[in-house]
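Spelled out, the chains give:
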Amino acid sequence: MLPTNYSKTFVGLCTALLFICASMNSRAEVLELTIQPQSNKVETSVQLTELIGFDLTIKFENAVGLTAQNFTVNAQLIDVNDLSILNRLPDSLLTGIPTAFPVLISVEPDPTKGFSFSGAYEIELYTKSLHYTAGSPLRMFHAHGNGDFEDITTMTGSGSYRVRTNGGQFSDFIIVADLRDINTVIATKVTRLTNYVNAVSNTLTLAASQPLNDAISNIQTAISNGYYQQALQATNALIQLMHADDGSLYPDVWRSTGDLENIRGRILSMANTLRYSLRIR
């Protein structure tokens, strides 16, 4: 049975009568960007309807070819009952799209124009369409291509609602009302991080893979024993390990042609969102 406050929040977010059915299937709008190449930053603001708008900022550690000609951000109103999206969420009963903000944001660098970045980008979204309250279940989810949407939130706050995340690859972003138990969320994030590290370890040198696997093992052991504070410390150690590298041990370049694996950026993204969940537990 869901906690009463969560149930009320979910009903308020997902059964409001503002937007229903086919009217939400609009065309994607290409957003006008303000690009600051000297500070590796992209900013945009849009009002999709009278009630739905947002500001978006994307920051990079380092970027090459960051211009309006080869970097596109789209926004689209979506149907909150669209199965092509709902079926890609982690739980059909406990996760859903808030009717006050049924927006799909796509970041689409042109694969022919030579854009690239290193490390992890940071995205911050601010909207007056949603309102932050303590214990809010609103999170930012990301999907690459047509894959499953995954929680990559690293910060939520007021003003009216502000959310921040980071990542090592681009595609689609949505705000999701996530009512899953926090321990389930943490376990899911640990599994995702573990699976990714296992998948890329054989591409790394022993000097890179050994401390990485040790860090993952420390997180797994702490979680399996229910020692969440120790898990938080082990996650912080993993983040520090990634920050200490400059791409020498852990490849950290993503480019629009899609031919490079940004290992450091991907691990940072997964570790940062795990840290967020451990902190709010």
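Structure: see above.
Residues numbered from 1 in each chain as written. Predicted model: local features only at pLDDT ≥ 70, side-chain atom pairs only at ≥ 80, totals over all residues. Heavy atoms only, no water.

Peer 1: Could you give an account of the sheet that holds strand S14 (residues 161-167), naming the residues involved and the relevant values?
Peer 2: Strand order in the open sheet formed by six strands is S2-S3-S4-S10-S14-S13, with antiparallel pairing between adjacent strands. What marks the edges here is a single partner per strand, and that holds for strand S2 (34-36) and strand S13 (153-158). Put simply, the sheet's adjacent strands are angled 15° from each other on average, direction ignored. Pairing of strand S10 (residues 121-127) with S14, which is carried by seven bridges, proceeds in the antiparallel orientation. Note that in S14 the partner of Ile123 across the bridge is Thr165. Contacts from helix H6 (residues 263-280) reach S13 and S14, with the element oriented near 50° to S13. (Pairing = 2+ DSSP bridges. Helix = DSSP H or I, 4+ residues; strand = E, 2+ residues; numbered from the N terminus. Axes fitted to C-alpha atoms, helices over the stretch in contact; angles between N-to-C directions. Contact = heavy atoms within 4.5 Å.)

Peer 1: Now, about H6: what can you tell me, with residues and values included?
Peer 2: Relative to the 26 Å expected for 18 residues at 1.5 Å per residue, H6 spans 26 Å between its end C-alpha atoms, a close match to the ideal helical length. H6 sits mainly inside the fold: 15 of its 18 residues count as buried. (Expected span 1.5 Å × (residues − 1). Buried < 20%, exposed > 50% of the residue type's maximum accessible area, 1.4 Å probe, protein only.)

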